[in-house]
Amino acid sequence: SQQGEEDPQALSIQEGENATMNCSYKTSINNLQWYRQNSGRGLVHLILIRSNEREKHSGRLRVTLDTSKKSSSLLITASRAADTASYFCATDEGYGGATNKLIFGTGTLLAVQP
Amino acid sequence: DAGVTQSPTHLIKTRGQQVTLRCSPKSGHDTVSWYQQALGQGPQFIFQYYEEEERQRGNFPDRFSGHQFPNYSSELNVNALLLGDSALYLCASSLTLQGALTEAFFGQGTRLTVV
């Protein structure tokens, strides 16, 4: 079963705009990760945020985590056509350390129009 | 430095047949996890191998089995294929350090179609 739900299911924006995707999950976690997937191929790791962190940045990506609400958001700033992909959040419930038994959300399909 | 490699890329099998998928982990990694991704869904964890043994397992029937070799490469076997087994099968590798795992790197996947 899927752990998380992502919102929205699909998002279409113009190049240069910001894109925000949200993820909700159900149980306590060790960390939460965001992945990108192009055209149903392999997953590319974007960013990992640990349960004791609240915000993390990597280039044009900003991730927040609210463990009290069991939710996370991914912000992509100044989007480009190459950002067009599906984005998934994944949680790791490992106690005492990551287990990489990742539980993925349902994904957000992002389309960036040139 | 090669990343995670999976073979074959695509595969078509008939219902009831058996299939074997292969994965070579990223250099330096010793732990391999397998995921099934149905069309339009997020990946679902099948199982994980470390030191040639299954360490964790998701909610998949016994028709799904695996193996890890001394060189850390891994195979996923599915017996008595069903139409519902049609999916993208993803392999992820990582390194186990003092009981915890490093970031997982994913391969490009094997697209299995059961007809």
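None of these values were measured; they are calculated from a predicted model.

*Asks:* Which residues make up the overall build of chain B, and what values do they have?
*Replies:* Per the secondary structure count, chain B includes zero helices and 13 strands. Secondary structure elements of chain B occur, N-terminal to C-terminal, as β-β-β-β-β-β-β-β-β-β-β-β-β. Computed over the C-alpha atoms, the radius of gyration of chain B is 13 Å, within 12% of the 13 Å expected from 2.2 N^0.38 for a compact globule of 115 residues. Each of the three principal axes of chain B carries a C-alpha extent, and together these read 45 × 30 × 25 Å. For chain B, the share of sequence-separated contacts (at least 6 apart) that also reach a separation of at least 24 residues comes to 53%. Carbon and sulfur atoms make up 49% of the accessible area of chain B, which totals about 5500 Å². Computed over 8 positive and 10 negative side-chain charges, the inter-centroid distance for chain B is 12 Å.

*Asks:* Break down the interface of chain B and chain A for me, citing the residues and quoting the values.
*Replies:* Contact residues are listed per partner, giving 28 residues for chain B and 19 residues for chain A. For the pair chain B and chain A, the two sides together bury roughly 1800 Å², of which 46% comes from carbon and sulfur. If you sort the residues of chain B by the area they bury against chain A, Pro43(B), Phe106(B) and Gln108(B) come out on top, with a joint share of 24%. Linking chain B to chain A there are zero salt bridges. The interface formed by chain B and chain A holds five residue pairs in polar contact (both at pLDDT 80 or more) in total. When residues of the side of chain B that touches chain A are traced back to their parent elements, those giving at least two are strand S4 (31–37), strand S5 (44–50), strand S6 (53–57), strand S9 (87–94) and strand S11 (100–101) of chain B.

*Asks:* Report on the pattern of salt bridges, specifying residues and quantitative values.
*Replies:* Applying the stated criterion to the full structure yields six salt bridges over all chains. Note that Arg57(B) and Glu54(B) form a salt bridge whose closest N and O atoms lie 3.0 Å from each other.

*Asks:* Lay out the sheet that holds strand S8 (residues 71–76) of chain A in plain terms, naming residues and giving numbers.
*Replies:* Whenever strands of a sheet pair, they do so through backbone hydrogen bonds, lying parallel or antiparallel. Residues and elements named next belong to chain A. Overall, antiparallel pairing links the five strands, which are arranged S1-S3-S8-S7-S6 in an open sheet. Because the sheet does not close on itself, it has two edges, and the strands there are strand S1 (5–7) and strand S6 (55–58). Sheet twist, expressed as the mean angle between neighbouring strand axes with direction ignored, is 15 degrees.

*Asks:* With reference to specific residues and values, describe the sheet that holds strand S3 (residues 19–24) of chain B.
*Replies:* All names here are of chain B. Spatially, the four strands line up as an open sheet ordered S1-S3-S8-S7, and their pairing is antiparallel. Every interior strand has two partners, whereas the edge strands, strand S1 (5–7) and strand S7 (64–68), have only one. When strand polarity is set aside, the average angle formed by the axes of neighbouring strands in this sheet is 20 degrees. Both S3 and strand S8 (residues 74–78) contribute to a ladder of five bridges, which runs antiparallel.

*Asks:* Explain the nonpolar core to me, using residue names and the numbers behind them.
*Replies:* Membership of the largest hydrophobic core comes to 22 residues, with the highest contact counts inside it found for Leu32(A), Trp34(A), Leu74(A), Ile76(A), Tyr87(A) and Leu110(A). Going through the elements one at a time, strand S2 (10–14), strand S3 (19–24), strand S4 (31–37), strand S5 (43–50), strand S7 (61–66), S8, strand S9 (85–92) and strand S11 (108–113) of chain A are the ones with two or more residues in this core. Once you skip the residues sitting within four places of it in the chain, Tyr87(A) turns out to touch Glu6(A), Met21(A), Tyr35(A), Arg36(A), Leu46(A), Leu74(A), Ile76(A), Gly107(A), Thr108(A) and Leu110(A). Formed by 19 residues, the second largest nonpolar core is a distinct cluster that contains Val19(B), Cys23(B), Trp34(B) and Leu81(B).

*Asks:* Explain the packing of aromatic side chains residue by residue, including any values.
*Replies:* The relation between two aromatic rings is expressed through the spacing of the ring centres and the mutual angle of the planes. Applying the stated criterion across every chain, the model contains nine aromatic pairs over all chains. Relative to Tyr35(B), the ring of Phe104(A) has its centre 5.7 Å away and its plane inclined at 90 degrees; by these criteria the two rings are edge-to-face. With Phe104(A) in strand S10 (residues 102–104) and Tyr35(B) in strand S4, this pair bridges two chains. For the pair shown, Phe104(A) and Tyr35(B) are each scored as buried. One aromatic cluster is present, built from ring pairs that chain together Tyr35(A), Phe88(A), Phe104(A), Tyr35(B), Phe45(B) and Phe106(B). Positioned above the aromatic ring of Phe105(B) is the side chain of Lys26(B), whose terminal nitrogen or guanidinium carbon lies 5.0 Å from the ring centre.

*Asks:* Would you mind going over the state of the cysteines in detail, with residue names and values included?
*Replies:* For the structure shown, the criterion picks out two disulfides over all chains. Across a sulfur-sulfur distance of 2.0 Å, Cys23(A) and Cys89(A) are joined as a disulfide pair. Linking Cys23(A) and Cys89(A), the disulfide has an S-S dihedral of approximately 65 degrees and is accordingly described as right-handed. Of this pair, Cys23(A) sits in strand S3 while Cys89(A) sits in strand S9, and the two are 66 residues apart along the sequence. Taken individually, Cys23(A) and Cys89(A) each receive the classification buried, so the pair is uniform in this respect. Bridging Cys23(B) to Cys91(B), the disulfide has an S-S length of 1.8 Å.

Rules of the game
- Residues numbered from 1 in each chain as written.
- Chains lettered and ligands numbered in written order.
- Predicted model: local features only at pLDDT ≥ 70, side-chain atom pairs only at ≥ 80, totals over all residues.
- Heavy atoms only, no water.
- Helix = DSSP H or I, 4+ residues; strand = E, 2+ residues; numbered from the N terminus.
- Rg over C-alpha atoms; globule rule 2.2 N^0.38 Å.
- Contact = heavy atoms within 4.5 Å.
- Areas by Shrake-Rupley, 256 points an atom, 1.4 Å probe, with all protein chains shown as cover.
- Lys, Arg positive; Asp, Glu negative; His and termini not counted.
- Charge placed at Lys NZ, Arg CZ, Asp CG, Glu CD.
- Buried area = accessible area lost by both parts, 1.4 Å probe.
- Salt bridge = Lys/Arg side-chain N within 4 Å of Asp/Glu carboxyl O.
- Polar contact = N/O pair within 3.5 Å; in protein donor to acceptor, adjacent residues only side chain to side chain.
- Pairing = 2+ DSSP bridges.
- Axes fitted to C-alpha atoms, helices over the stretch in contact; angles between N-to-C directions.
- Core = buried A, V, L, I, M, F, W, Y, C linked by side-chain atoms within 4.5 Å.
- Buried < 20%, exposed > 50% of the residue type's maximum accessible area, 1.4 Å probe, protein only.
- Phe/Tyr/Trp six-rings, centres within 6.5 Å; stacked < 30°, edge-to-face > 60°.
- Lys NZ or Arg CZ within 6 Å of the ring centre and 35° of its normal.
- Disulfide = S-S within 2.5 Å.

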